[in-house]
Each structure stands twice: as C-alpha cells, then as structure tokens.
Amino acid sequence: MRKTVIAGNWKMNMTPAKTAEFIKALAPMVAGKDKCDIVLCVPAIDIPAAVEAAKGTNIKIGAENVHFKASGAYTGEISAEMLTEAGVEYVVIGHSERRQYFAETDQTVNLRTLAALNAGLKAIVCVGETLEQRELGYTETLLKFQTKMALTNVTAEQMKNVIIAYEPVWAIGTGVTATADQADEGNGYVRAAVAEMFGAEVAEATTVQYGGSMNDGNAAELLAKVNVDGGLIGGASLKTDKFTAIVDAANA
Ligand code: PGA
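Throughout what follows, the structure given in this document is the object of discussion. (Residues numbered from 1 in each chain as written. Predicted model: local features only at pLDDT ≥ 70, side-chain atom pairs only at ≥ 80, totals over all residues. Heavy atoms only, no water.)

### Structural notes on the environment of Thr206
- Residue placement: Thr206 occurs in the loop between α9 (200-205) and β7 (207-211).
- Residue classification places Thr206 among the buried positions, given a relative accessible area of 2%.
- As a C-alpha pair, Thr206 and Met159 span 47 residues in sequence and 7.2 Å in three-dimensional space.
- Beyond its immediate sequence surroundings of up to four residues, Thr206 is in contact with Arg2, Met159, Val162, Ile164, Arg191, Val194 and Asp229.
- A distance of 2.7 Å separates a polar side-chain atom of Thr206 from the backbone oxygen of Val202. (Helix = DSSP H or I, 4+ residues; strand = E, 2+ residues; numbered from the N terminus. Buried < 20%, exposed > 50% of the residue type's maximum accessible area, 1.4 Å probe, protein only. Contact = heavy atoms within 4.5 Å. Polar contact = N/O pair within 3.5 Å; in protein donor to acceptor, adjacent residues only side chain to side chain.)

### Section: the pairing of strand β8 (residues 230-233)
- Neither face of β8 is open: one carries Gly230 and Leu232, the other Gly231 and Ile233, and all of them are buried.
- The pairing of strand β1 (residues 4-9) with β8 spans four bridges and is parallel. Counted as the bridge partner of Ile6 is Gly231 from β8.
- The sheet contact formed by β7 and β8 spans two bridges and is parallel. Within β8, the position partnered with Gly211 by the bridge is Leu232. (Pairing = 2+ DSSP bridges.)

### Concerning the pattern of salt bridges
- Taken as a whole and judged by the stated rule, the model has 17 salt bridges.
- One salt bridge in this structure joins Lys3 and Asp37, with 3.7 Å as the shortest N-O distance. Taken together, the residues span a long stretch of sequence, with Lys3 in the segment before β1 and Asp37 in strand β2 (residues 36-41) at a distance of 34 residues.
- Three or more residues are tied together by salt bridges with common partners; here these are Arg2, Arg191, Glu204 and Asp229. (Salt bridge = Lys/Arg side-chain N within 4 Å of Asp/Glu carboxyl O.)

### Points about helix α5 (residues 106-118)
- Between the first and last C-alpha of α5 there are 18 Å, a value that for 13 residues agrees with the 18 Å anticipated at 1.5 Å per step.
- Burial of α5 is extensive: ten of the 13 residues sit out of reach of the surface.
- Here α5 has its buried residues at Asp106, Thr108, Val109, Asn110, Arg112, Thr113, Leu114, Ala115, Ala116 and Leu117.
- Elements that come into contact with the buried residues of α5 comprise α3 (80-85), β4 (90-93), α4 (96-101), β5 (122-127), α7 (139-150) and β6 (162-166).
- Downstream of α5 by a residue or two, Gly120 has a phi angle that is positive, lying close to 90°. (Expected span 1.5 Å × (residues − 1).)

Here you go:
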C-alpha cells in the first residue's frame, strides 16, 4: 500500500509571521485527517516559524530546495543538514520553476535528491513536460527520462523516502489542469520508469503525486485515479479552506 501525500508548495509566498498564523488556523481544520500525509513546503526563511507552529499537529514541514554539497562556498544555498536540524522532513527537488529560472538540470536534480536522501529527508522530486514536448508526442519519453535521471544511484531502500510529483509544466499556475486521465497516464509513465529501474514491487509502493492547478474543485476526481497518490499544490495551498478541501478529498 502506498501513502497518499497532500503537499503544499508555497513557492515565494508568505512571511514568517503569516506562516505561523496560517498553520495555527489550518491545524484544527485538518486534525485527525490521517488517510493522507499532510505537508507544507515553505520558503527557507519561514521554516523555523512553520516547524514551531506545526508542533503537536499532523502537519509536516518541507523545504523547497536543498543543495547537493554538505557545506562550503555556495553563497545563498542551504544544506540537507541545515534542513534536518531545523526540523524539516520533506524537500521539493527539481520543480519546473527551478529548472526554468535557476538553471536546474537533470544532473543537479539527481545530486540534490541523493543529498536529501542521504541526510534522511523525504524527497519530492518533480518531473513534467512542457506543452511543446507534449504536442510533439514526447511526454512518455521525457517523463521516463527525467524520472530515471533523478533517481540514478538511489537505492531501492531509499525509494521508501522518494515521492515523485508529475507536474505538467503547462498546468502549473495556469488554471489549466490536466484531465484526470492525463494525470493518471503521466503518473503511470513515472511509475513505469520506477518499475524499470527498481522492479514492480518498489514501483507499486512509490507515491506519485499529481501537481498543476489542483484545487478544491478538481482534487476528488484527480485523486480517484489509480496512479494518483496525492497532490503537490501551489496556489490552492495558500488558502486554508481550499487546502483543507483537498485534504478532505484525500480522506473521503
Ligand atoms: P499550482 O502549482 O497548483 O499553482 O499550479 C503547483 C506546483 O507548482 O507545484
């Protein structure tokens, strides 16, 4: 049985004060809804406030990126050890915005994934095709390639701490959601790639999320699909009621 994981990705939103306020409001709304793991991935500066506010709740805290080196001359970067010591349990890696705006490559995604796993963090690894790649018919090839590149040198044992988020780039922040069938198909390609690398048993146990304009209105239909084991949610994770509705859909 694989775990359903509902994770918010706040991106560059919320201050530390707003973070504390948000989590205090959200905690009673999602209390006891334990058919899914509930995660908020927050900006680095918000992590201490988030960890403090989430204490004693069923909300887990994630970061939005991690560097691949343990320490050193990497101005502006944050190590896996810094995150774990701060109480972080999850980290988003290879989000398409990082690939697009911050020169993230399949190689750096792989290195960051290994660093996160070696430090005991749970990695939420993002893959996804652009509209152009989809229209050219490369969705399956691309998703399998990105998945395999990201997981190179990861062990089958470490796969227990890997979540993969299929996020079609054309659906992120656009209000255009993949249809439930498109999400199921994309997630299926990701799972097939995991099966090719690690075997069917590991693939069946791996949580594969869908992300891209998931919201309170479409979550139930998306989550009903056999290959959709949760969501990585941007915009709708910034509103307690919308995020709670998605958690509810995962608990139905
Ligand atoms: P969105 O973002 O829900 O705002 O489309 C999803 C994501 O980027 O993870």
